[in-house]
Amino acid sequence: MFVEDEWNVIEDGFDASRHVIAESVFSIGNGHMGQRANFEEAYSGETMQGNYIGGVFFPDKTRVGWWKNGYPDYFAKVINAPAWIGLHTSVNGNLLDLASVKIHSFRRTLNMKEGTLSKTCVVELPDGTLLRIESMRFVSMAAVEIGTISYAITAENKDCSLSVLSFIEAHVLNQDSNYDECFWESISQKNEQGISVSVDQTKQNPFGVPQFTVATAICNEISVSATKKQYHKQLQLGETLDFKLKKGETAVITKYAAQVSTMNYSAQELPKIAVERVKEAEKTGFKKLYADHKKVWAAKWKLSDIVIKGDVKAQQGIRFNIFHLNQTYTGDDSRLNIGPKGFTGEKYGGVTYWDTEAFCFPFYLSTSPESVSRNLLLYRYKQLPQAIKNAGKLGFTGGAALYPMVTMTGDECHNEWEITFEEIHRNGAIAHAIYDYVTYTGDRAYLVDYGLEVLIGISRFWAQRVILSPIKRKYMILGVTGPNEYENNVSNNWYTNYFASWCLRYTMETISWIKRVANEKYVELAAKISFEEREILRWSDIVNNMYLPTDEKYGIILQNDGYLDKEPITVADLPADQRPINQHWSWDRILRSPFIKQADVVQGLYFFENELNEETIQRNFEFYEARCVHESSLSPCIHSVVASKIGDEAKAYELYLRTARLDLDDYNKEAKEGLHITSMSGSWLAIVKGFAGMRVAQNDISFNPYIPSGWKSYSFSITYRNATLTVKVSKSKVELCVSNGYIPNLQVYGQTYLLKKDEHITIQTKKK
Ligand code: BGC
């Protein structure tokens with residue numbers, strides 16, 4: 001569908017049947033707000049309007065007839081906010097509706113290098129007037145409350161009178177609202193001195209969640225002389241610009257918008273601040289705003305780009321993923337996080353899942369300043385009291401913490417018992433991100449100040465959630481759902497049991513270390529959370545006696561009790577027309593089948609490879625890959641990293657492709673709902689941890705690179721402990737270069753090197 005290009009995603013020619021997909025793909029954002037690529041023009045065809053402001057959500061009702069104790073009261077949704085992009089043109093009284101005018105040419109471009117969305121089209125109105133429209137817009141990475149559009153209209157074939165309505169649309173809906181319920185109420189709408197300001201507030205709720213207020217301000221500049229008139233009708237507010245164009249003449253309208261919210265200011269001061277911001281933006285001007293925005297993007301690309309030579313599709317795919325990750329989360333506000341769809345759609349409500357820690361965290365850790373991944377950790381640290389409250393709702397006591405499956409502010413928002421109550425493995429990923437951060441950055445002070453408190457809360461949960469089986473005399477975890485959501489309420493999911501045990505071990509190690517280096521801090525924390533040494537005795541007993549199911553006949557780790565009682569068939573036995581099974585089979589049939597939705601045991605092989613031998617990894621990978629249908633976008637990337645580890649290059653590449661162009665090629669036929677932002681980090685993982693084999697241990701960083709056969713070379717940079725390391729892998733050589741700082745202990749293919757600033761080493765590429 002899209003033109004192959006290294007830096008751009010291009011749609012050449014308009015296809016109304018794919019417009020909603022394009023609206024997702026061409027989304028733009030700046031970590032604080034973001035929007036789908038809705039047209040500025042009127043469009044009566046199918047569309048999903050979306051403009052989202054980070055952290056601004058509505059707590060929607062979840063009460064259902066089959067209510068269970070412990071279910072959350074509400075589901076947080078980052079809601080579609082008042083839209084600022086509208087520019088509706090009428091020619092001689094005829095409205096230009098892109099769904100009904102004749103389109104002579106159309107080209108839409110997402111410039112990933114500069115973070116802009118442009119459109120060029122020539123359209124014919126019913127009276128034969130031909131207009132050329134060239135628009136370009138961005139939401140500023142430098143001034144994060146500002147969005148701007150440069151909108152040029154040319155009279156192609158005759159003189160004409162135009163009227164352009166530039167407006168804010170405050171009557172906005174969500175597609176997933178019940179009975180078209182609107183989540184906003186209008187507080188005020190004012191036009192003053194060419195600036196329109198709409199103040200809107202989320203509706204009251206019975207859950208005690210504070211209401212959010214958003215102020216949107218717009219103003220317009222126009223390059224030709226025009227008559228400006230205020231416009232205010234229902235909840236549309238703005239101005240009309242009436243002007244005449246001679247054949248061949250162009251008018252350029254520059255629209256500036258500011259969106260500010262009670263995330264950052266008091267409700268009273270919002271309208272004033274919105275006006276100030278939009279005035280500042282107008283004064284700065286489009287050119288300078290654009291230059292500042294490009295500068296931020298250039299810095300982001302410098303740290304995070306992956307260059308692939310010899311495969312344009314692969315290059316476009318990976319840049320598309322990196323682009324969206326960078327515009328979804330910028331890491332300067334620890335109240336924000338990464339929703340599975342980012343700012344590109346409504347599904348999953350824009351809220352936080354385990355996806356952040358289990359999949360996205362390593363990307364930000366290696367490609368941004370340390371403060372970015374630290375803020376992701378702080379998000380969970382600040383939500384520890386709610387995690388303790390969540391666990392309390394399920395009957396746990398004494399500071400045990402269960403982080404939510406789905407959340408905005410720390411409160412659990414998911415209400416399917418088999419997930420909310422049972423997919424408790426999420427606690428493990430949250431602890432593991434702390435380990436990842438400390439190992440990678442060497443910032444052990446984080447453990448003292450914040451990390452240990454979270455680890456103790458999580459460990460206390462595991463210590464209460466296990467039971468000692470009176471028959472096997474082993475600790476077991478019953479009634480869980482592993483990452484494989486195609487089997488629920490199982491006992492002894494190996495991944496969950498292993499993770500529980502790992503969390504306890506890591507917490508105990510951290511405690512002994514803190515006691516040695518900062519005992520007074522430890523004593524202070526122990527007093528704050530009433531932590532007693534005897535808890536550790538129980539933890540050791542659990543670690544020493546945890547039940548980790550295996551099967552001797554197949555020589556494998558057992559995904560969970562009873563897994564091998566299922567029909568002994570593999571994905572190879574599944575007819576192609578039955579896939580994906582979640583669209584063809586009843587839920588009951590899926591649950592009874594041996595098919596695995598996503599990496600489960602393999603997710604554990606990925607996290608704990610250091611503790612398992614190569615043969616175990618290989619045998620289990622082969623067994624479970626044959627049974628995994630990869631019906632979560634989070635799955636192929638993890639299997640790809642493990643396939644690289646065991647040297648199965650063909651498999652690693654096949655699975656990499658399923659992640660890298662998932663949305664561009666719309667493999668799962670669901671890109672219209674929004675993009676798979678959290679799995680986008682999977683393509684990065686598959687290259688950096690998979691093909692390049694990057695691993696980080698306590699005091700060293702190592703690589704074990706190979707190159708996919710169709711590529712000429714690939715290269716990427718990472719920031720590692722104040723150093724920037726660039727790695728380039730081609731068929732014949734691996735080149736590594738440090739441009740800042742130095743790396744004392746770098747290993748490539750098992751050989752140790754010391755890399756000083758600006759030093760460069762070249763090694764022959766190994767064939768596997
Ligand atoms: C996956 C979960 C994931 C969620 C959000 C589900 O389909 O099974 O593991 O957290 O999507 O991405």
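Residues numbered from 1 in each chain as written. Predicted model: local features only at pLDDT ≥ 70, side-chain atom pairs only at ≥ 80, totals over all residues. Heavy atoms only, no water.

Draft legend 1. Here's a closer look at the pattern of salt bridges. Tallied over the entire structure, the rule returns 39 salt bridges. Between aspartate 665 and arginine 661 there is a salt bridge whose closest N-O contact spans 2.9 Å. For aspartate 665, a relative accessible area of 28% gives the class partly exposed. Judged by relative accessible area, arginine 661 falls into the buried class, the value being 6%. Connected through salt bridges with shared partners, the residues Glu40, Glu41, Lys119 and Arg137 form a single ionic network. (Salt bridge = Lys/Arg side-chain N within 4 Å of Asp/Glu carboxyl O. Buried < 20%, exposed > 50% of the residue type's maximum accessible area, 1.4 Å probe, protein only.)

Draft legend 2. Representation of the sheet that holds strand E31 (residues 751-755) in the model. Here 4 strands make up an open sheet; going across it, the order is E25-E26-E30-E31 and the pairing mixed. Bordering the open sheet on either side are strand E25 (695-696) and E31, each of which pairs with just one other strand. Here strand E30 (residues 743-748) pairs with E31 via 4 bridges, running antiparallel. Residue pairing in the sheet places leucine 746 in a bridge with tyrosine 753 of E31. (Pairing = 2+ DSSP bridges. Helix = DSSP H or I, 4+ residues; strand = E, 2+ residues; numbered from the N terminus.)

Draft legend 3. Region of interest: the packing of aromatic side chains. Overall, the coordinates contain 55 aromatic pairs when judged by the stated rule. Ring geometry for phenylalanine 39 against tyrosine 43: centres 5.2 Å apart, planes inclined by 75 degrees, an arrangement best described as edge-to-face. Of the two residues examined, phenylalanine 39 and tyrosine 43, each falls in the buried class. Ring geometry for phenylalanine 703 versus phenylalanine 716: centroids 6.5 Å apart, planes at 45 degrees, classification tilted. Taken as a pair, phenylalanine 703 in strand E26 (residues 701-703) and phenylalanine 716 in strand E27 (residues 713-720) lie far apart in primary sequence, 13 residues in all. As far as the burial class goes, phenylalanine 703 and phenylalanine 716 line up, both buried. The ring of phenylalanine 167 is capped by lysine 255, whose NZ or CZ atom sits 5.9 Å from the centre of that ring. (Phe/Tyr/Trp six-rings, centres within 6.5 Å; stacked < 30°, edge-to-face > 60°. Lys NZ or Arg CZ within 6 Å of the ring centre and 35° of its normal.)

Draft legend 4. Broad picture of the domain arrangement of the protein chain. Domain annotation for the protein chain reports domain 1 (8-63 + 70-302), domain 2 (369-548) and domain 3 (692-768). With centres defined by C-alpha atoms, the gap from domain 1 to domain 2 works out at 43 Å. On the side of domain 2, 13 residues touch domain 1, which itself brings 10 residues to the contact. In this structure, the connection of domain 1 to domain 2 is made through 0 salt bridges. Scanning the region where domain 1 abuts domain 2 turns up 3 residue pairs in polar contact (both at pLDDT 80 or more). It is strand E6 (residues 74-78) that provides the largest number of residues to the side of domain 1 that touches domain 2, a total of 4 residues. Split into classes, the residues belonging to the side of domain 1 that touches domain 2 amount to 7 nonpolar, 3 polar and no charged. (Domains from an automatic or database assignment. Contact = heavy atoms within 4.5 Å. Polar contact = N/O pair within 3.5 Å; in protein donor to acceptor, adjacent residues only side chain to side chain. Nonpolar A, V, L, I, M, F, W, Y, C, P; charged D, E, K, R; others polar.)

Draft legend 5. Main features of the site of the ligand. Surveying the vicinity of the ligand reveals the residues Pro340, Tyr348, Tyr353, Trp354, Asp355, Glu485, Lys597, Gln598, Ser632 and Leu634. Within the contact set of the ligand, an oxygen atom lies 3.4 Å away from a side-chain nitrogen or oxygen of tyrosine 348. Taken by itself the ligand offers 310 Å² of open surface, and the protein chains cover 92% of this. (Near = heavy atom within 4 Å. Areas by Shrake-Rupley, 256 points an atom, 1.4 Å probe, with all protein chains shown as cover.)

Draft legend 6. Quick peek at the sheet that holds strand E17 (residues 227-233). Spatially, 5 strands are ordered E8-E7-E13-E18-E17 in an open sheet, and the strand pairing comes out antiparallel. Across the chains shown, the open sheet's two edge strands, defined by having one partner strand only, are strand E8 (94-95) and E17. Here E17 pairs with strand E18 (residues 236-245) via 7 bridges, running antiparallel. Residue lysine 228 lies in a different strand from E18, and its bridge partner there is leucine 241.

Draft legend 7. Just the pairing of strand E15 (residues 195-202), in detail. Counted residue by residue, E15 has 8 buried out of 8 residues, so it is predominantly covered. Burial along E15 is two-sided: Ile195, Val197, Val199 and Gln201 and Ser196, Ser198, Asp200 and Thr202, pointing in opposite directions, are all buried. Judged from the 8 bridges that link them, strand E14 (residues 184-192) and E15 form a sheet pairing that is antiparallel. Bridge pairing links asparagine 191 to serine 196 in E15. By the bridge criterion, 6 bridges tie E15 to strand E16 (residues 213-222) in an arrangement that is antiparallel. Of the residues in E16, the one forming a bridge with serine 198 is threonine 216.

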